Amino acid sequence: MTTNDETKEKPLWLLIEENFLELDLKDLSGENREAAIQRIAGKLDNAGYNVSHHGGNLLQLRWAMDDMQKVGRPLMKDLNDAIAALSLEDLADQYIATSKLINDLAETWHQLKKSERRPDVIQMVEKAKLDLLINKAKGLPDDEGIRFLIGGKVADEVITNALSITEDKLGEVHTQIKEEKAERARVATLIEAVEGKSDEEKVKHLIENNVSENLIIEMAKVDQGVIDGAKQSMEAALKEQQKEAEEAAARKKEEAAGPSLENIPPDKMLEYIESIREIMEFSDEEKDIRVMCDQSTIPKSLVDIAVSEPDRLDELEKKAEG
């Protein structure tokens, strides 16, 4: 319910027009017209406006009724209908939309072009836009409605009230948006670093720097096919790198294992067997033997025999002695 304080905030012309909406124009003849004027003047007096005893204000009321009767309907009906017909697309440029609305209505309602009335119409259009934004936001899934209103520069307090969310939830979305902006700035810098290169090279660079595919498509202006091609090329290169790494690891392992039995020279064979026997005097545990043999760079092929078939060492020793 509108209180007197809320009513007093409205300009007199607007309150007069709002009161006209309650009238039946067919009954505004003769004494009925004057009675309607006096009744509306009394309501406005009670709302804090001095109309009944203020010549200028009373004339404003009478002239407004003259205009309404000439047109055959209240100004507010046309104004409300025009505002209700506006879409968010119409309100993309609110200044232009408001100017057009006033100019269109002023062809019938000349008083609407008065400079002092323009701020009131602007406020009505702003409220209509806010209502449209909120209605659209309520139909969006997940946090998209919150993001939509933030993007529309709607005040935080209005967002929390309109969408029935907590300040913490709104703060969470603000933080996400801030992080996304920072990520966009990072990606812009990455793209700048590969300016002039092919799309595939750009995409590879972005993938290597952990940029999401959606952001790559949007900011690098490439399609999914370029991303798929770049990923396939990178996968092939990665497989080749893995193959080379595996081969290098195998070579390293082979080098660490030392030569096979048949490739150990007799003099080295004797030297290794003597070292193994010294080690085995310290411990007969396989783990200890292997660790100490590894530290002494004794070939693995000989160590395997020492821990599994130690008697063969005598045979290998005799063979090496000739």
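Residues numbered from 1 in each chain as written. Predicted model: local features only at pLDDT ≥ 70, side-chain atom pairs only at ≥ 80, totals over all residues. Heavy atoms only, no water.

Enquirer: Before we move on, could you go through the overall build of the protein and cite the residues and values that matter?
Expert: Helices and strands together make up the secondary structure of the protein, namely 17 helices and zero strands. Taken over the C-alpha trace, the protein has a radius of gyration of 44 Å; the compact-globule value for 322 residues is 20 Å, which it surpasses by more than 25%. Dimensions of the protein along its principal axes, counting C-alpha atoms only, are 145 × 45 × 30 Å. Counting all 322 residues of the protein, 30% fall into the buried class. Counting contacts in the protein only where the partners sit at least 6 residues apart, residues at least 24 apart contribute 60% of the total. Looking at the protein as shown, the accessible area adds up to about 20700 Å², and 49% of this sits on carbon and sulfur atoms. In the protein, the 44 positive side-chain charges and the 70 negative ones have mean positions that sit 8 Å from each other. (Helix = DSSP H or I, 4+ residues; strand = E, 2+ residues; numbered from the N terminus. Rg over C-alpha atoms; globule rule 2.2 N^0.38 Å. Buried < 20%, exposed > 50% of the residue type's maximum accessible area, 1.4 Å probe, protein only. Contact = heavy atoms within 4.5 Å. Areas by Shrake-Rupley, 256 points an atom, 1.4 Å probe, with all protein chains shown as cover. Lys, Arg positive; Asp, Glu negative; His and termini not counted. Charge placed at Lys NZ, Arg CZ, Asp CG, Glu CD.)

Enquirer: How would you summarise the confidence of the model for the protein if you had to cite specific residues and measurements?
Expert: For the protein, the mean per-residue pLDDT works out to 90, and 96% of the residues sit at or above 70. Predicted confidence is poor over residues 1–7, with pLDDT under 50, and the contacts of this stretch with residues over four places away or in other chains come to seven contacts. (pLDDT = per-residue confidence, 0-100.)

Enquirer: Now, about the environment of I165: what can you tell me, with residues and values included?
Expert: For I165, the location among the structural elements is in the loop between α9 (156–163) and α10 (167–193). The sequence separation of I165 and L270 amounts to 105 residues, and the corresponding C-alpha distance is 84 Å. When near neighbours in sequence (up to four residues on either side) are disregarded, I165 contacts I146, I159, T160 and L170.

Enquirer: Could you give an account of a negative patch on the surface, with specific residues and numbers?
Expert: A surface patch of like charges, here negative, comprises D156, E157, E167 and D168. Listing elements by their share of the negative patch, those giving two or more residues are α9 and α10. Within the fold, D168 resides in helix α10. (Patch = residues over 30% accessible without salt bridge, like charges linked within 9 Å, V, L, I, M, F, W, Y side chains within 5 Å. Salt bridge = Lys/Arg side-chain N within 4 Å of Asp/Glu carboxyl O.)

Enquirer: Tell me about the side chain of N57, and name the residues and values.
Expert: In this fold, N57 is placed in helix α4 (residues 55–71). Take N57: its relative accessible area is 18%, and that puts it in the buried class. The residues contacting N57, other than those within four sequence positions of it, are L12, N50 and V51.

Enquirer: So, the nonpolar core: which residues are in play, and what are the values?
Expert: With 19 residues, the main nonpolar core has F20, L23, L44, V51, L61 and M65 as its most contacted residues. Of all the secondary-structure elements, those providing two or more residues to this core are α2 (12–20), α3 (31–46) and α4. Dropping the residues within four chain positions of it, M65 is found in contact with F20, L23, R33, A36, I37 and I40. (Core = buried A, V, L, I, M, F, W, Y, C linked by side-chain atoms within 4.5 Å.)

Enquirer: Help me get a handle on the packing of α2 against helix α5 (residues 75–84), residues and values and all.
Expert: Contact pair α2 / α5: the axes reach a minimum separation of 8 Å and the direction vectors enclose 95 degrees. Classified by the angle their axes make, α2 and α5 are roughly perpendicular. Across the interface between the two elements, W13, L14, E17 and E18 of α2 pack against L75, M76 and L79 of α5. When the residues that make up the contact of α2 with α5 are grouped by side-chain class, the tally is five nonpolar, no polar and two charged. (Axes fitted to C-alpha atoms, helices over the stretch in contact; angles between N-to-C directions. Parallel < 35°, antiparallel > 145°, perpendicular 65-115°, else oblique. Nonpolar A, V, L, I, M, F, W, Y, C, P; charged D, E, K, R; others polar.)

Enquirer: Can you explain the pattern of salt bridges? Please cite residues and give values.
Expert: Under the definition given, this model contains 23 salt bridges. A salt bridge links E18 to K10, with the nearest nitrogen and oxygen atoms 3.0 Å apart. Taking the shortest distance from any N to any O, the salt bridge between K169 and E172 comes out at 3.5 Å. A residue pair is termed a helical-turn pair when its members lie 3 or 4 positions apart in one helix, as K169 and E172 do in helix α10 at three residues. Using a relative accessible area of 25% as the deciding quantity, one classes K169 as partly exposed. Residue class for E172 comes out partly exposed when judged on its relative accessible area of 39%. Each of E286, R290, K300 and D304 takes part in one network of salt bridges that share partners.

Enquirer: Kindly report on the environment of V226, identifying the contributing residues and their values.
Expert: Structurally, V226 can be placed in helix α13 (residues 224–257). Between the C-alpha atom of V226 and that of E200, which follows or precedes it by 26 residues, the distance is 6.3 Å. Ignoring any residue separated from it by four or fewer positions in sequence, one finds V226 in contact with D199, E200 and V203.

Enquirer: Let's hear about helix α6 (residues 94–106): which residues, and what values?
Expert: The terminal C-alpha atoms of α6, which comprises 13 residues, lie 18 Å apart, in line with the 18 Å expected from a rise of 1.5 Å per residue. Taken as a whole, α6 has its buried residues at A97, T98, S99, L101, I102, L105 and A106. If you follow the buried residues of α6, they end up packed against α5 and α7 (118–138). Between the side-chain oxygen of the N-cap and the backbone nitrogen of Y95 there are 3.2 Å, and the N-cap of α6 in question is D93. (Expected span 1.5 Å × (residues − 1). Polar contact = N/O pair within 3.5 Å; in protein donor to acceptor, adjacent residues only side chain to side chain.)

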